[in-house]
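Topology and contacts: notes
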Amino acid sequence: MADGKHGDGDANLSEQALRLRLYLESLQLLMLEPQFKLLRDLLCGYAELGGGRIEVKLDDEERELFTPALQRELLVLLGLLGALAPGHEDRADHVVADLGDGEWVKGAMSLVPPEVASDPTRLSQLRDRFDAVEGRRAGDRATVEGIAEVSGMAGTEEN
């Protein structure tokens with residue numbers, strides 16, 4: 001039985017699924033077909049992998065389609081998708097926040113709760129965390145590339 005605090009899980013899931021479906025349908029009407037296809041493919045790939053952090057290689061045409069506006073919509077959709085998980089329904093109400101540039105991260109944005117989006121200090125701390133992680137990744141890539149070069153393996157893979 002549903003109570004005022006927790007509600008009926010099945011009804012809430014249906015509400016969240018409907019919200020996701022309607023948002024996707026509206027995007028399909030508003031976006032150019034190639035952009036919507038890229039967005040749908042990215043969302044499906046994310047869902048198939050079970051979420052988390054993923055890296056996607058985009059060809060030149062896809063990179064051109066992957067505008068900041070498309071990235072914002074992807075973040076919104078990831079929030080709506082995350083809201084389907086029991087106990088995470090609040091993710092549907094998260095907003096996209098521009099975090100700005102760091103040393104390693106440029107044009108960073110993230111899906112955050114509204115109270116975080118309105119707090120410049122917390123947004124700056126979030127950007128700094130993203131920037132530190134990306135700095136470590138860049139260092140790791142340089143190390144791996146250096147090892148490949150020394151071992152004679154460099155240049156065997158096409159970019």
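Cut-offs and rules
Residues numbered from 1 in each chain as written. Predicted model: local features only at pLDDT ≥ 70, side-chain atom pairs only at ≥ 80, totals over all residues. Heavy atoms only, no water. Helix = DSSP H or I, 4+ residues; strand = E, 2+ residues; numbered from the N terminus. Buried < 20%, exposed > 50% of the residue type's maximum accessible area, 1.4 Å probe, protein only. Contact = heavy atoms within 4.5 Å. Areas by Shrake-Rupley, 256 points an atom, 1.4 Å probe, with all protein chains shown as cover. Expected span 1.5 Å × (residues − 1). Pairing = 2+ DSSP bridges. Salt bridge = Lys/Arg side-chain N within 4 Å of Asp/Glu carboxyl O. Core = buried A, V, L, I, M, F, W, Y, C linked by side-chain atoms within 4.5 Å. Polar contact = N/O pair within 3.5 Å; in protein donor to acceptor, adjacent residues only side chain to side chain.

**Some details on the overall build of the protein chain**
- Across its full length, the protein chain carries six helices and two strands.
- For the protein chain, with 159 residues in total, the buried portion stands at 25%.
- Contacts spanning at least 24 positions in sequence make up 55% of the contacts within the protein chain whose residues lie at least 6 apart.
- Approximately 11,200 Å² of the protein chain is accessible, and the part contributed by carbon and sulfur atoms is 54%.

**Details of helix H4 (residues 68-82)**
- For H4, which comprises 15 residues, the first-to-last C-alpha distance of 21 Å matches the rise-based estimate of 21 Å (1.5 Å per residue) to within 8%.
- Buried within H4 are the following residues: Leu70, Leu74, Leu75, Leu77, Gly79, Leu80 and Gly82.

**So, the pairing of strand E2 (residues 108-112)**
- When you tally the buried positions in E2, you get four out of five residues, the bulk of the element.
- As judged from the five bridges shared by strand E1 (residues 95-100) and E2, these two strands associate in the antiparallel manner. When the sheet's bridge partners are listed, Asp98 is paired in E2 with Met109.

**Focus on the pattern of salt bridges**
- Counted by the stated rule, this structure contains nine salt bridges.
- The partner of Asp41 in a salt bridge is Lys37, and the shortest N-O contact between them spans 2.8 Å. You can see Asp41 and its partner Lys37 sitting in helix H2 (residues 33-48), four residues apart, about one turn around the helix.
- Residue classification places Asp41 among the partly exposed positions, given a relative accessible area of 37%.
- Residue Asp41 pairs with Arg40 through a salt bridge whose shortest N-O separation is 3.7 Å.
- Because the salt bridges share partners, they merge into one network encompassing Lys37, Arg40 and Asp41.

**Brief notes about the nonpolar core**
- Residues Leu27, Met31, Leu38, Leu39 and Leu77 are the most contacted members of the largest nonpolar core, which totals 16 residues.
- For this core, the elements supplying multiple residues, two or more each, are helix H1 (9-30), H2 and H4.
- The leading source of residues in this core is H2, at five residues.
- Once you skip the residues sitting within four places of it in the chain, Leu39 turns out to touch Leu27, Met31, Leu70, Glu73, Leu74 and Leu77.
- Core analysis: the next-biggest nonpolar cluster, separate from the first, contains eight residues, Ala97, Leu99, Val105 and Leu126 among them.

**Details of the side chain of Gln35**
- If you trace the backbone, Gln35 turns up in helix H2.
- The exposure class assigned to Gln35 is buried, which follows from its relative accessible area of 16%.
- A distance of 2.8 Å separates the side chain of Gln35 from the backbone oxygen of Leu65, its partner in a polar contact.
- Here Gln35 is in contact with Leu65, Thr67 and Leu70, once residues within four sequence places are set aside.

**So, the side chain of Gln16**
- Residue position: Gln16 is located in helix H1.
- For Gln16, a relative accessible area of 6% corresponds to the buried category.
- Residues contacting Gln16, with those up to four places away along its chain left out, are Ala83, Leu84, Glu89 and Ala92.

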